[in-house]
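The lines below spell out each chain.
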Amino acid sequence: MNINRPIGYPSSVISQLTGMRRDMEDLSRQLGTGLKATSYGGLGAGRSLAISFRSKLETTQTYQQSIDVVALRLKSTTQTLTHMQSVVDETRKSFDPNRFDLLADGVTGQQKTAVSAMVEFLGLLDSEVAGRYSFGGRETNEAPVESYEHIMNGDAGRAGFRQILDERRQADLGTGTGRLTVGAAGPVATIAEDGTHPFGFKLQPAQSTLSNATVTAPSGSPPSMSVTFSAQPKAGESLTVTLDMPDGTRTTVKVVAGDTQDPAKGLFQIGATPDDTAANLVATLSDRIGFAAETELTAASAVAASGNFFDTRNGQPPQRVAGPPFASATAMTAGTTTDTVFWYKGENTAMPTGSPRGDVQAMVDTNVSVSYGMRANEEAFTWNIRQFAVMATADLSAGDAAAKGLHQSLAIKLKGNLASPEGKQSLTAVHMEIALAQTATEQAKERHTQSAGTLKGYLSDLEGVDDNEVSVQLLALQTNMQATYQASSMLFKMSLTNFL
Amino acid sequence: MAISTAISIAVAGLGMTQRQTDIVAQNVARASQPGYTAKELSIADYVGRSGTIGLKGTVQRQIDVELQRQVLQATPTTGYSEVRARFAQRLDEMMGIPGSSNSLASDISAFTTSLQELSTSPDGVTARIKAVSGAQKIATRLNQLTADVQAMRTEAEQAIGDGVARVNELLRNIARLNDQVASTKASGQDPTSLEDARDLSVKELATWVDVQARENSDGQMSVFTSGGVTLVGATAVQFEFDGVGTVSAGDTWSETYSERGVGTITIGPSVAPTVDLIASKLIRSGKLAAYVEARDQMLVTAQNQLDALAGALADAFSGIDVASTATASGAQTGFDLDVGGLAAGNPIKLVYKDNATGETKTVTMIKVDDASTLPLPASATADPDDVVVGIDFTGGIGSVVLQVQAALGANFTVGTPGGATLQILDDGATNAVDIVSLGARATLTATIDGDKSLPLFTDGTGGGPYTGRLDEPAQRTGFAGRIAVNTAVVDDPSLLVRWQTSPATAPGDATRPNELLSRLRNARTEYGAETGIVTPSTSLTATVQGFADSVISYWGMVSEDAQSAKATQDVLQNNIEARFGEVSAVNVDAEMARLIQLQTAYSANARILQVAREMLDSLMRS
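This write-up is about the structure you can find in this document.

1. A word on the overall build of chain B
Link 1 in the chain: The number of helices and strands found in chain B is 12 helices and 21 strands.
Link 2 in the chain: In terms of C-alpha radius of gyration, chain B reaches 38 Å, well past the compact-globule figure of 25 Å for 622 residues.
Link 3 in the chain: C-alpha extents for chain B along the principal axes are approximately 145 × 60 × 40 Å.
Link 4 in the chain: Counting all 622 residues of chain B, 49% fall into the buried class.
Link 5 in the chain: Look at the contacts in chain B between residues 6 or more apart in sequence, and 64% of them connect residues 24 or more apart.
Link 6 in the chain: Counting only carbon and sulfur atoms, one obtains 53% of the accessible surface of chain B, whose full area is about 26700 Å².

Pasting the structure below:
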């Protein structure tokens, strides 16, 4: 249809005016929305750039969201690790071999400290961030460790650490001599292990200053050694028996020849004959070995038991002594979930290459991922828990010399252990790995913030409008339109009709 | 008797002046009537034996036939570009809006984000649900876009129907006006108003179909298409359109009646033989051509893009590469490939080196379950350079071996070492060819214990896997309208994390989310020419996200082109019409000037009569 135009009104003016009107509306829309066009068609040549920038921006935002979550987790983990370190430090300071502060309820103050440290440590391992447990590898939905009560005392037919410890103590002590038999036959004193097994003392070559005595190195299976007197030794000469203990430490038992028989002081009497001397040596040695068994071996046994119970890395079940009877046990056996408490409930598959960090990874940038998985049964955590548990469970209630000796052995041993000995994964190492992940995350975040800013800038250049430019255009258009209206109106009025 | 001649001429002059005044009045009154052309009276002498004895006037239209033809030529293009621009703009707006995240591409990146979140927190219930809803959003968007595209096709189909009805009415109108002009002329009356009406009809007809019109010497207007089919001669032909009510993705235009899912325009049956105007490409421009193009090309391309995207998305998650094992027999080397797990539509790809030319060639063998699907067209794969062979698997491995052997020729030895394993060996010592690789891509169906990945999308809610089946109906056609998130995953979002039962997947295990994320981010699919984004002899290899971005960009470009073509055409049309108007439209000033002239002429004629009377009086009195 043709336009029904007023008489004498040129059609080109109408189309010009409608065109200008449309431009005016578009410009005011641009001013209102800040966008150059309502569809990509209107963007012109910048279109594919705009689309690709938007894609990139969305990818960046994806990473930023991911980073926000990861950063929160890392921060909370760092705090947890810091806290753990302070628990360890404080406990270590409180362990004092020279102070035996037995309280009325049969435990020492240091034991109470160990219990509270362990409870706190376990609580920290159960820490969660927004419902996600951090210390269970990929098993993030469940608390990764059992309660203190279950771990120590067992639960519904499952043996706890106290029981495992006791069984191990029985196995290590045997009849009270640390699985050694000491006997004399004529001028020959013999020290022998009572079988081939991992328990008790293990004989090492002894040092001897005894004259007229032949000391053999341990040999045979089970190993045994002997001291043969060809004549009498002299007073003041000594025999030092070196014994390996189950936790890898070593102790010595020293007996000295003298004029009196005083086992408590380690003296054996030079007898009338070499045969008597051998018998006296055996009596004193037995007594000293028995004391070492009650103190140092018991401490070492506890540490070993804690290793058996707590060290479950790479899916290994807790180890316990095969028995009963335990005192004559010759082997360890794996605990099962029905008879032993598995203190760690998290993911326990073979560890990813390196460390459990690889369990949990998050992409924070193209080709940049941070690893921050952790398992409560990693050495850094288990090692400290073991020290707490050993101190907490020691039976010092007797308060006698043996109890004091045990306390001393334990305090020295555990204090040393808590100081992160070499060759053990330390809390600091874990802390450092997490801190590195944190740094990588922060750096990625910074990169993303920068590139998002740049991309947004580009996008607003491509999609958006310059308010000043649009305002100027609007003004110019307005002037044009007003002029056109004016001119059209003049043209319209200028008709011959008006002059007839 | 010179005085009486003067009197008769003066009387005739008065009559003519009156008629001219009448025409001026008519011109002024109807100046703004559409299609009205300014009229003028052309005056000729009535010649008697004694010379001019009177005047006769004929009404004529002020018209420039050349300009009128130009208007008629420009009009169809204007109609065409207007409709095309409208459709292109709607598609452009459907695919995405700048500054907004409301588009298919944004849905895909939002889904990527949710998978990334899931990868960071595989144990998070919210993260899982978010990922499922992200996938559902994509599926729903694809369904919605398909519905929109098909609704637009239905609209185009209806517009063609309406257009055909209007065209028929106009054709009948023109024929009727032809008759009326003839009878009016025969009775000596003024036919110009009828001619104006007829021109108006022709012009409207030209917005629909590209037509040309020619007025015969007897004043009859014949109308024919620029393709040469006469629409109005002695009588008017009528268009016929067998439109359908609703168009869906599978309905396409075809020359063959049985394969046609949408209507076609024919002339007939009054004209024999029936001419299919679409098949014979006789409608080249105008709104009808634009609607047909929108229905059969523009919107079909849009649907192809959506289907390709949906297919690529489904395959990104459910596609499993089946590796072959190297084997040898004497000097012959080749590969064993287990084809037992393939579904209809899954491809087996053989790459070999032709030692004669040094070229590396690809043969794609696609499993079909219906022999009637064979042979497959080369367009069955996106790769324009490969050889496509359909292999019917219904006859078992023995039949497969024979078919593959027949397809590959004597340079290869095809066999089976047993089971469902296909063995392809080269020609050994002859060394005409060397097999480079043999592989297949199967479709994963198990949601757990199958693979690290997951068949996240299915064909229809609760439907089967998407394998790209080519047997009728081809699965790809309209897949975007059916794609749905696997109901197993919707019912149990933990399947986004749990990928194996033994050992059970830990809740914080990101293996599957990472696999899904990496597949979505990195899986590259080859897109063929049917998507319009690439030229016929090439293909585009892109990620799902990349392709979605390309689609938006493509429609932006098409829309921009269409808009600018329309703008140019509008200017052209306006200019021609303005020039036509300068000749044909009523110029009121000119009419007024003529009125003054006529007034003077009337007075002059009257004066002549008066003088003649005075002269006669003088004669009588003398």
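Now that the structure has been shown, the text picks up again.
2. Details of the interface of chain A and chain B
Link 1 in the chain: The interface is formed by 45 residues belonging to chain A together with 51 residues belonging to chain B.
Link 2 in the chain: Regarding the contact of chain A and chain B, the summed buried area is about 3800 Å², with carbon and sulfur atoms giving 52% of it.
Link 3 in the chain: Taken together, the links from chain A to chain B amount to 3 salt bridges.
Link 4 in the chain: One salt bridge in this structure joins Arg47 of chain A and Glu560 of chain B, with 2.4 Å as the shortest N-O distance.

3. Quick look at the pattern of salt bridges
All names here are of chain A.
Link 1 in the chain: The tally for this structure, following the rule as stated, stands at 58 salt bridges over all chains.
Link 2 in the chain: Asp89 is the salt-bridge partner of Arg92, the closest N and O atoms lying 3.8 Å from each other. With a gap of 3 residues between them, Arg92 and Asp89 both fall in helix 2 (residues 47-94), about one helical turn apart.
Link 3 in the chain: The partly exposed category is assigned to Arg92, whose relative accessible area is 26%.

4. A word on the pairing of strand 12 (residues 347-354) of chain B
Residue and element names in this part refer to chain B.
Link 1 in the chain: The pairing of strand 12 with strand 13 (residues 359-368) spans 8 bridges and is antiparallel. Paired with Leu350 across the bridge in strand 13 is Val363.
Link 2 in the chain: For strand 12 and strand 17 (residues 433-443), the ladder comprises 7 bridges, and the chain directions are antiparallel. Residue pairing across strands places Lys349 opposite Gly439, the latter belonging to strand 17.

5. Some thoughts on the side chain of Arg61 of chain B
All names here are of chain B.
Link 1 in the chain: The topology assignment puts Arg61 in strand 2 (residues 51-61).
Link 2 in the chain: On the basis of relative accessible area, Arg61 is assigned to the buried category, the value being 14%.
Link 3 in the chain: In terms of polar contacts, Arg61 uses its side chain to reach the side chain of Asp196, at 2.8 Å.
Link 4 in the chain: Side chain to side chain, Arg61 and Asp199 meet in a polar contact 2.8 Å long.
Link 5 in the chain: Excluding anything up to four places from it in sequence, Arg61 contacts Thr37, Ala38, Lys39, Thr192, Glu195, Asp196 and Asp199.

How each quantity is defined
Residues numbered from 1 in each chain as written. Chains lettered and ligands numbered in written order. Predicted model: local features only at pLDDT ≥ 70, side-chain atom pairs only at ≥ 80, totals over all residues. Heavy atoms only, no water. Helix = DSSP H or I, 4+ residues; strand = E, 2+ residues; numbered from the N terminus. Rg over C-alpha atoms; globule rule 2.2 N^0.38 Å. Buried < 20%, exposed > 50% of the residue type's maximum accessible area, 1.4 Å probe, protein only. Contact = heavy atoms within 4.5 Å. Areas by Shrake-Rupley, 256 points an atom, 1.4 Å probe, with all protein chains shown as cover. Buried area = accessible area lost by both parts, 1.4 Å probe. Salt bridge = Lys/Arg side-chain N within 4 Å of Asp/Glu carboxyl O. Pairing = 2+ DSSP bridges. Polar contact = N/O pair within 3.5 Å; in protein donor to acceptor, adjacent residues only side chain to side chain.

Function cannot be read off these values alone, since they describe shape.
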